[in-house]
Structure formats: C-alpha cells, structure tokens
Amino acid sequence: VSALEADASFLDSLPALVAPTRAVHHRALSLPFRRESYDLAGFRRLIGSVPVLDDPVTVRRRSRDYYWFSPIVRASLDGRHADLVVEPRDEAEVMAVASACARLSIPLTVRGAGTGTYGQAVPLHGGVVLDTGRLTRIARTAQGVRTGAGARIAAVEDATRAEMLELRMHPSTRRLATLGGYFCGGSGGIGSVTWGGLREPGNMLGARVVTLEETPQAIDLTGADTGLVNRTFGTTGIVTEVEVPLAPAHAWQDRVIAFVRLVDALDFSLALAEDTTITKKLISTHAFESARYLSAVLGSAIRPGSAHVLVMVAESDAGAAEALAARHHGTVTLRAVTADAEADPARTPLYECSWGHTTLHAIRQQPDISYLQALFPPGRVVDLALSMAERFGAELPLHLEFIRYEGKVAANGAQLWPFTSVERLTEIIAIHEEAGVFIANPHVFTVEEGSRHKRVPGDQIGFKRRVDPHGLLNPGKMGAMGDG
Ligand SMILES: Cc1cc2nc3c(=O)[nH]c(=O)nc-3n(C[C@H](O)[C@H](O)[C@H](O)COP(=O)(O)OP(=O)(O)OC[C@H]3O[C@@H](n4cnc5c(N)ncnc54)[C@H](O)[C@@H]3O)c2cc1C
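Residues numbered from 1 in each chain as written. Predicted model: local features only at pLDDT ≥ 70, side-chain atom pairs only at ≥ 80, totals over all residues. Heavy atoms only, no water.

### Details of helix α16 (residues 381-392)
Logical step 1: Helix length check: α16 (twelve residues) gives 16 Å between terminal C-alpha atoms against 16 Å at 1.5 Å per residue, within 8%.
Logical step 2: All of the buried residues along α16 are Val381, Val382, Leu384, Ala385, Met388, Ala389 and Phe392. For α16, the buried positions fall inside an angular range of 165° around the axis, keeping them on one side. Within α16, the exposed residues directed more than 90 degrees away from the buried face are Asp383, Glu390 and Arg391.
Logical step 3: Residues of α16 that are buried make contact with α10 (262-274), β16 (374-376), β17 (399-405), β18 (408-413) and α17 (422-435).
Logical step 4: Backbone geometry just downstream of α16 places glycine 393 in the positive-phi region, at approximately 50°. (Helix = DSSP H or I, 4+ residues; strand = E, 2+ residues; numbered from the N terminus. Expected span 1.5 Å × (residues − 1). Buried < 20%, exposed > 50% of the residue type's maximum accessible area, 1.4 Å probe, protein only. Arc of directions from axis to C-beta. Contact = heavy atoms within 4.5 Å.)

### Considering the environment of valine 242
Logical step 1: Assignment of secondary structure puts valine 242 in strand β10 (residues 238-248).
Logical step 2: A relative accessible area of 0% places valine 242 in the buried class.

### As for the site of the ligand
Logical step 1: Lining the immediate surroundings of the ligand are 35 residues, of which Val110, Gly112, Thr115, Thr178 and Gly188 lie closest.
Logical step 2: Glutamine 120 is positioned with one of its backbone polar atoms (N or O) 2.9 Å from an oxygen atom of the ligand.
Logical step 3: In isolation the ligand offers 960 Å² of accessible surface; the protein chains occlude 97% of this area.
Logical step 4: Looking at the shell around the ligand, the elements that each hand over two or more residues are β3 (108-111), α8 (179-185), β10 and α15 (356-365). (Near = heavy atom within 4 Å. Polar contact = N/O pair within 3.5 Å; in protein donor to acceptor, adjacent residues only side chain to side chain. Areas by Shrake-Rupley, 256 points an atom, 1.4 Å probe, with all protein chains shown as cover.)

### Quick word on the environment of aspartate 254
Logical step 1: Examined against the element boundaries, aspartate 254 turns out to sit in strand β11 (residues 252-259).
Logical step 2: The spacing of aspartate 254 and valine 337 is 83 residues in sequence and 5.8 Å in space, taken between C-alpha atoms.
Logical step 3: Setting aside chain neighbours within four positions, we find aspartate 254 in contact with Val311, Met312, Leu334, Arg335, Ala336, Thr338, Pro349 and Leu350.
Logical step 4: For aspartate 254, the side chain forms a polar contact with the main-chain nitrogen of leucine 350, separated by 3.1 Å.

### Notes on the packing of aromatic side chains
Logical step 1: This structure, assessed with the given rule, holds seven aromatic pairs.
Logical step 2: Arranged with centres 5.7 Å apart and planes meeting at 65°, the rings of tryptophan 68 and phenylalanine 69 form a pair that is edge-to-face.
Logical step 3: Tryptophan 68 sits in the buried class, given a relative accessible area of 5%.
Logical step 4: Taken together, the ring pairs connect Tyr66, Trp68, Phe69 and Tyr371 into an aromatic cluster. (Phe/Tyr/Trp six-rings, centres within 6.5 Å; stacked < 30°, edge-to-face > 60°.)

### Section: unusual backbone geometry
Logical step 1: Positive phi values are uncommon outside glycine, yet serine 105 reaches one of about 55°.
Logical step 2: You can call serine 105 partly exposed: its relative accessible area is 43%.
Logical step 3: Within the chain, tyrosine 118 stands out as a residue other than glycine whose phi angle is a positive 55°.
Logical step 4: Among the secondary structure elements, tyrosine 118 is positioned in the loop between β3 and β4 (128-131).

### What to know about the pairing of β11
Logical step 1: Among the eight residues in β11, eight count as buried, and that is most of the element.
Logical step 2: By the alternation rule, side chains of β11 split into Trp252, Asp254, Val256 and Ala258 and Gln253, Arg255, Ile257 and Phe259, which are all buried.
Logical step 3: As judged from the eight bridges shared by β11 and strand β13 (residues 307-314), these two strands associate in the antiparallel manner. Paired with phenylalanine 259 across the bridge in β13 is alanine 307.
Logical step 4: Where β11 meets strand β14 (residues 330-337), seven bridges bridge the pair, whose relative direction is antiparallel. From the neighbouring strand, arginine 255 faces β14, where its bridge partner is arginine 335. (Pairing = 2+ DSSP bridges.)

Structure below.
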C-alpha cells in the first residue's frame with residue numbers, strides 16, 4: 001500500500017511533459033473545455049449533511065488517478081480537477097448527491113481509490129467527485145460476496161479467507177483498489193489465467209446502480225447485464241454495490257524463473273497456462289529488457305540478460321510447476337509465500353511486479369517509459385510474441401500476462417514503451433494490428449477510443465441514456481454520446 005500511496009505525490013516529482021510532440025499539444029488544446037461556474041452553495045444546501053471536502057489540495061489529489069502512465073493523456077488532463085469532493089455514507093446520501101447534481105447541472109465523477117489509468121477518474125469539467133470510500137459493507141451471499149462499491153479488495157478477501165474462499169481475480173493494485181472501481185474501470189488481473197477477464201461469463205454477478213436524475217432510481221443488474229457498467233469509467237451510473245463469485249483460497253507460492261532464451265520462457269508460460277492439473281493464479285512473462293526494471297524489487301532474482309517468468313502457484317502444485325520449468329531450461333531464482341509478503345507492508349508480493357505494476361516500476365526508474373496494451377490471441381501467442389520481440393527489441397520490451405480468453409489460453413501484452421512520438425505510436429499499433437495482435441490503446445481517455453473493438457457496445461450507450469439523461473456522469477469520457 002505504501003508504495004502506491006506514495007505515488008499520489010510521485011507525479012509532482014515527474015519532469016514536465018516528456019518530449020511532447022506538436023500532435024500531443026494540439027490534442028491537449030483541442031479538448032473542448034466546458035467548465036462553467038456551478039452553483040456549489042446551492043448544491044451544499046440540497047445535499048444537507050452529506051460529508052463534503054473542499055480543501056483545494058485534497059480536492060486536487062482526489063481528482064487524480066494514474067493518468068500520467070501515458071504522457072499523451074497527461075498532456076490533455078494535467079490540471080483538470082473537481083470543485084468539491086463528497087463522501088456519502090449510504091445509498092440514500094448517494095441519491096441526495098445525484099439529485100442535487102441533476103437539478104443544478106453539475107458534472108459528477110465517481111472515484112474509488114483512484115488507481116485507474118487513462119484518466120478514468122479525472123473530471124474533465126470540474127464539478128463534484130463522489131468518493132465511494134465510506135461505502136464499505138461486505139456480506140456473503142449464496143453465490144459469492146456482495147460489497148459496497150468502496151470496499152477495498154484486500155478487505156473483501158480478509159473477510160472471505162476466513163472461510164477459505166477468495167475472489168476469482170484481482171488487479172495488481174489489490175492492496176489499494178476498491179471492488180467497485182475494479183468493476184467500473186478494470187479488465188482482469190491475477191487469477192485471469194484461470195478464470196479469464198472480468199467480462200467472461202460468471203465473473204461479475206450483480207451491480208446496483210443509482211441514476212443521475214432529479215429523482216434518482218436504483219437499478220439492480222444481474223448476470224450479463226453487469227457488463228453495462230464494466231469499464232465505462234462511471235459514465236453509465238453510480239454503482240453502489242457489486243457482487244462477485246468466490247473461488248477456493250490456496251496457500252499461494254511466488255516463484256521467479258529465469259530463462260536464458262526468450263523462446264523457452266514463452267514455451268514454458270504457454271505450457272503452464274495450458275496445464276489444467278496445475279492450479280495457478282499468475283503467469284507474467286518478461287523479456288530481459290522488461291524484467292530488468294523489476295530488479296529494484298526482486299534483486300538478484302533477476303539474472304542479467306535472461307528472460308523471466310513470474311508465477312503464482314498453489315503450494316501443492318509448486319513442485320510440478322518447477323519440474324515443468326526445468327524441462328524448459330528454467331532456473332528458479334526466488335521462492336516465497338504470497339501471504340507472507342502481503343501481510344508485511346515493507347515487502348512486495350510478486351503480483352506487485354506484474355500487470356500494471358511492471359509499468360509503475362519502470363516509470364519510477366525511467367520517467368519517459370510508457371506502455372502499450374495488446375491481446376495476443378489464442379493459438380498464436382508464442383509465434384506473435386517472438387515476431388514482435390524480434391521486430392521491436394528494446395524499443396518495446398516484451399511483457400505478457402497469460403489469461404484465458406473465451407476459454408482459451410491467450411496473453412495480454414503490456415509492453416513497455418519509452419515514449420518517442422505520437423506518430424511512432426501510430427506506426428507501432430498498425431504493425432501489431434496487421435500481424436494479428438489486437439491493441440487497446442492506453443493513450444486515449446474516452447471509453448471507445450481505448451476499446452479493443454473501437455466502439456462502445458450499443459447496449460451501454462442505451463443504458464447511459466437511461467441512467468444519465470442529462471449527460472452529467474464523468475462527461476467527456478464516452479465520446480459516442482457526443483458529450484466530449
Ligand atoms: C500500478 C497499477 C496496476 C494496475 N493493475 C491492474 C490490473 O492488474 N488489472 C486491471 O484490470 N487494472 C489494473 N490497474 C487499473 C486499476 O488499478 C484497476 O482497474 C482498479 O481496480 C481500479 O480501482 P479503483 O478503486 O482505484 O478505481 P478508480 O480508479 O477510482 O476508478 C476507476 C474508474 O471507475 C469509475 N468508478 C469507480 N467507482 C465507481 C462506482 N462506484 N460507480 C461508478 N463508477 C465508478 C471511476 O470514475 C473511474 O472511471 C492498475 C493500475 C495501476 C496504477
């Protein structure tokens with residue numbers, strides 16, 4: 001937690017924009033800026049006793065997330081902030097805030113822990129930030145666990161592990177992020193190698209959504225309808241509760257395995273991902289140019305010049321995973337118990353080197369580093385990864401997270417990219433897409449520009465019209481609504 005929390009102020013130490021190109025400036029300046037002066041006194045009167053924070057430093061900090069992971073997004077969003085933060089304590093207070101915003105035409109941006117990227121939680125047009133931090137109820141249900149949107153993921157698992165159960169998956173920001181924020185801004189993470197991403201059927205069970213209207217309604221979504229609020233950056237309703245399924249909790253073991261040849265690291269990763277007899281939660285694969293940034297945390301477990309695979313495996317299957325690694329010429333360089341590191345704020349569980357954390361460790365050491373997001377499709381992961389690694393080498397250090405995608409083994413790419421220019425980014429994306437690697441561009445801040453399928457599904461837009469008829473929820477983030 002401490003490392004991530006420290007990053008809230010880390011932004012201030014970053015150099016001013018890293019080599020921005022003219023295109024970046026152009027884009028930043030061309031963003032329509034609808035900021036008006038809102039009737040904040042009237043808003044406060046309407047919301048009565050709902051807690052409000054208006055100290056300028058706090059308001060600015062609660063208006064930020066990890067938008068600075070992309071220098072391009074940063075150029076557009078630097079300096080954007082809300083006017084007030086509210087901290088409702090229950091759904092009735094959420095409704096009071098929603099009603100006041102609707103009546104006075106004040107934009108509202110929901111915030112969990114603010115660990116999202118692409119500026120998901122950065123208000124473009126001022127207004128109110130609704131912080132879910134006080135909505136923390138946790139209750140077991142027949143199918144899993146139902147929580148207030150602001151419950152921290154770590155706290156949810158502290159509760160469920162008493163029954164030897166845990167979440168199917170969590171982001172690498174587990175120790176800080178909220179379950180509601182994960183629902184509305186996340187995609188997958190540790191556990192997705194077994195269960196797939198959040199959107200795979202069965203991974204989200206329910207969500208309760210408050211509409212932004214003069215008289216707000218609460219709508220219960222179940223099953224596939226929960227997709228209406230997933231990864232829409234809080235533009236399709238204020239989620240007050242979420243429900244997710246649980247999986248058996250294992251005594252997870254962390255392993256780092258070094259491979260002299262990248263091809264062996266990839267073959268091992270694929271074999272482990274496909275072996276359904278070995279229970280695992282993480283397979284994070286790095287060319288040396290990516291792994292080297294992890295040596296600040298993993299020390300001598302990172303071998304000079306070698307590719308590395310970070311693995312979380314059930315204790316009972318650790319021997320089988322190590323034997324598989326040996327058959328692929330891998331050498332185990334670190335063995336640890338995940339829970340031991342999790343319990344100690346001074347230590348780093350291995351998953352805090354994977355997924356988005358790899359980029360974080362790299363930026364800390366080299367502030368001009370940014371990243372790409374890709375899907376290496378089932379059946380072609382190793383071939384495409386090798387061909388992209390050969391083509392780009394150190395320009396785009398290879399970093400893959402193995403996942404299940406529609407039931408088959410695939411890999412998310414989170415390749416590191418030392419920022420050069422928007423033009424080069426466009427070329428890199430085109431080369432990947434021509435080869436058959438799908439890109440979800442992390443250098444944009446609207447829902448659909450970043451979408452892998454380049455569009456927001458129609459049902460999300462229809463739902464948005466229903467729950468946000470005035471277009472006040474995080475305006476500017478769902479471009480298809482023409483609100484940007
Ligand atoms: C270092 C690092 C590592 C990461 N690793 C992963 C990863 O492994 N997997 C992954 O999927 N993501 C990852 N992320 C992104 C992010 O951490 C996760 O998506 C996280 O779950 C967001 O939770 P949060 O509580 O911080 O949400 P926030 O950042 O506060 O919010 C995320 C978005 O959801 C909206 N939102 C939040 N709560 C609500 C609500 N109650 N109702 C409506 N809208 C809401 C916000 O407006 C915002 O648009 C990572 C980010 C960083 C910086």
